[in-house]
Structures are given as C-alpha cells and as structure tokens.
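# Structural overview
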Amino acid sequence: MKKKVTKIGVLTSGGDSPGMNACVRAVVRTGIYHGLEVFGIMRGYTGMVENDIFKMEGRSVANIIQRGGTILKTSRCKEFFTPEGRKKAYDNLKKHGIDGLVIIGGDGSFRGAQIFSNEYDIPCIGLPGTIDKDIAGTDFTIGFDTAVNTAVEAIDKVRDTMDAHDRLFIIEVMGRDAGYIALHSGIATGAENILIPERKTDIEEVIRQLAEKERRHKLVNLIVVAEGDEFGGANEVGKIIQERLPQQEVRVCILGHIQRGGSPSCFDRLIASRMGYSAVECLIEGKYNVFVGIVNNRMHYTPLNDAVKKKQRISEEWMKIVKILAS
Ligand code: F6P
C-alpha cells in the first residue's frame, strides 16, 4: 500500500519555455483542489539544495497563465548531480514535509528526477517543458508551439528584406541537438533547405541547387539551420556557401533567445494546463515516477527510467515534404 501524498513541491528546471507558468498554475490549483499543501521550489533543483522553498496558495499563481518565463525561476543545477547535493535536497524537502514532486523541464531535468527517485522515497512526476521537443513519449512539449511561432514570425520579417535585396539568407534557430524547431519553422516559411542534426546534409547538393537557381536568376533563397547541425550552425554554413558561390550576397541571422520568450500560445497554455492537472492526479492515484506526455491526444505516462533513454524521432514523411516543396 503506497503512502498517500499530502504535501507536494513544484519546480521549473533547465531552459525556460513559454507555458511553464501556466503549468505551475495548474499544479498549484489542482493540488489545492485535492486538499494538498503545495510548495514552490525556486530556481529548479538549486532551490531544493539551498532550501529556497515557499508555501503557495491559489492566489500565488494569479495572473500568470499568459506570461512567458517562469515565476519560480530556473537553473541548471550541477550540485544536484552529486550524491551530496541530492542528500541536501532530500533533507530540505523533509524539513517541509514534502512527499511528492512535480518537475517541469527538459531531458536534463528528467535525468535528475530519475536519479533522485531511484535513491529516495519521494515520488517524482516529470512534465515536458522545453522548446526543443526532444523528448520521446509525448507528441508535444510545453513551449515548442510558441517558440516555433516566434521563429516563423521572425523569419517572415527577414524574408521581406531578403526579397528586397535578392539575397540568400541562412537563419539559425534553437533546438540544441534536435531539429524540430528548424523543421517546423522551415516548412512553414517555405525554406529552400532545412539543415537538421538528425539527417546528414549533402552540402554539395545544396550548393548545386543554389547554383542552378542562380542560373535561373532566382537569388532569393532561405536556408533554415538548426543550431546543432553537423556544420556547427549558420555562421559556418554561411562561410561554406559564400566561398563556393562568391557572387551571391549571403547573410546570416541567428534568432537566439527570442525563441524562448514571450506570451505562450493558446496551444501551449492548453497542454500546460492539461499536463499540470494530470501530474497531480498521478500523485493522488499513486502513479509514481512517471513523466506525463500527450500521445494521439490522450495522456501518456512513461516511467522516468525509460523517459531519458529515447529521443524523439523525425518522421521520414516530414523530410519528403521538405524535399518536394523546396524544388
Ligand atoms: O533547451 C532549450 C535551449 O533553448 C536550447 O534550444 C538551447 O540550445 C539552449 O537551451 C540554450 O541554453 P542557454 O540559455 O543556457 O544558452
């Protein structure tokens, strides 16, 4: 018989993503609805290690559903990845009587939760909060939709000036070692080429296509590059192409952290609310040490121990679409 959870902690960890606040709100209010005490843990695992933990009420999360960033702040805590750090974290949770945890973050945060839940008797629920969408076991991650829409809006703007000058633009988007932001924003903005880490790029073929377009006097070309691509990002790709096609006016634009900020899209608010609610239900029902995702529009639970092993795969069909539409 599992011990009933009575006091839960919630934290946001790793790179922030739009919708984290909506998710914190859902965890706090669902917890209170079920008669639980809810504690906010500041700056991810750092707050656990340093005892930066405070009691939250329903009104603590008023007026945040529309805000980007995270009211709990975030960090990547190195100390938590040491046994001493985790012991400190556990002792601090015990001081507050916290007997369940909700961790909103990416794969690094899930790794932390996995190790901690294997060592200590505090059940953990992971929720995928990352713009990178690089976690297997869920169709969506909180923040991805907003980040992609931000990238699309920015790329559309670049396209205006690109078109006015007849230039070739190489635009770099985030995603760490995943190409989802590049793939989605590239297709949505009509990119000629999309370079992602999941696929080897035949750069000779890219240059050949550009040279052929040059012969047809088509000089406006857009290439979207994932920051983790095999060449080392847009600057490097730009250098290679400029060298080989010296008559082209190549420009590079790196979108950067703009993709992580801003008000979450409706979609991100919805999945954040659904996942936050579901995380508390898991703790109430004794469904411990899982990460909550959404697959085919249904809640999907993956054991934390499995969640960190697999990577999200890019479907072959997407790649076919890119190829056909770019021709
Ligand atoms: O994981 C989210 C992310 O924004 C990645 O896309 C990017 O590589 C990384 O975080 C950037 O991290 P930082 O904000 O620490 O530079």
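All of the points below concern the structure found in this document. (Residues numbered from 1 in each chain as written. Predicted model: local features only at pLDDT ≥ 70, side-chain atom pairs only at ≥ 80, totals over all residues. Heavy atoms only, no water.)

## A few points about the overall build of the protein chain
- Scanning the protein chain for helices and strands turns up 11 helices and 11 strands.
- Against the 2.2 N^0.38 benchmark of 20 Å for 327 residues, the protein chain shows a C-alpha radius of gyration of 22 Å, consistent with a compact globule.
- C-alpha atoms of the protein chain, sized along the principal axes, occupy 70 × 35 × 35 Å.
- Expressed as a percentage of its 327 residues, the buried residues of the protein chain come to 55%. (Helix = DSSP H or I, 4+ residues; strand = E, 2+ residues; numbered from the N terminus. Rg over C-alpha atoms; globule rule 2.2 N^0.38 Å. Buried < 20%, exposed > 50% of the residue type's maximum accessible area, 1.4 Å probe, protein only.)

## So, the environment of A154
- Its location among the elements puts A154 in helix α5 (residues 144–165).
- Each C-alpha atom of the pair A154 and A62 lies 30 Å from the other, and the pair is 92 residues apart in sequence.

## Overview of the sheet that holds strand β11 (residues 298–303)
- Judged by pairing direction, the sheet is mixed, and its seven strands sit side by side in the order β3-β2-β1-β4-β5-β10-β11 without closing on themselves. Among the strands making up the open sheet, the edge pair consists of β3 (53–56) and β11. Direction aside, the axes of adjacent strands within the sheet are offset by 30 degrees on average.
- Both strand β4 (residues 100–105) and strand β5 (residues 124–128) contribute to a ladder of five bridges, which runs parallel. The residue of β5 that forms the bridge with L101 is C124.
- Packed onto the sheet, helix α3 (residues 83–96) meets β1 (7–12), β2 (37–41), β3 and β4 and runs at close to 35 degrees relative to β3. (Pairing = 2+ DSSP bridges. Axes fitted to C-alpha atoms, helices over the stretch in contact; angles between N-to-C directions. Contact = heavy atoms within 4.5 Å.)

## Quick notes on the packing of aromatic side chains
- Applying the stated criterion across every chain yields a total of eight aromatic pairs.
- With 6.4 Å between their ring centres and 85 degrees between their planes, F144 and Y180 make a pair best called edge-to-face. Here the residue F144 occupies a position in helix α5, and Y180 occupies one in helix α6 (residues 180–188), the gap between them amounting to 36 residues.
- According to the relative accessible area criterion, Y180 is buried, its value standing at 5%.
- Connected via pairs of aromatic rings, a cluster forms that spans Y45, F80, F81, Y90, F116 and Y120.
- One cation-aromatic arrangement involves K133 over F144; the distance from NZ or CZ to the ring centre is 5.7 Å.
- Positioned above the aromatic ring of Y180, the side-chain terminus of K133 is 4.1 Å from the ring centre. (Phe/Tyr/Trp six-rings, centres within 6.5 Å; stacked < 30°, edge-to-face > 60°. Lys NZ or Arg CZ within 6 Å of the ring centre and 35° of its normal.)

## Let's talk about the side chain of T130
- Position of T130 relative to the elements: it lies in the loop between β5 and α5.
- Since its relative accessible area comes to 7%, T130 is described here as buried.
- Filtering out sequence-adjacent residues up to four positions away, T130 remains in contact with S17, G106, I135, T141, I142, G143 and F144.

Honestly, it's all geometry; don't read function into it.
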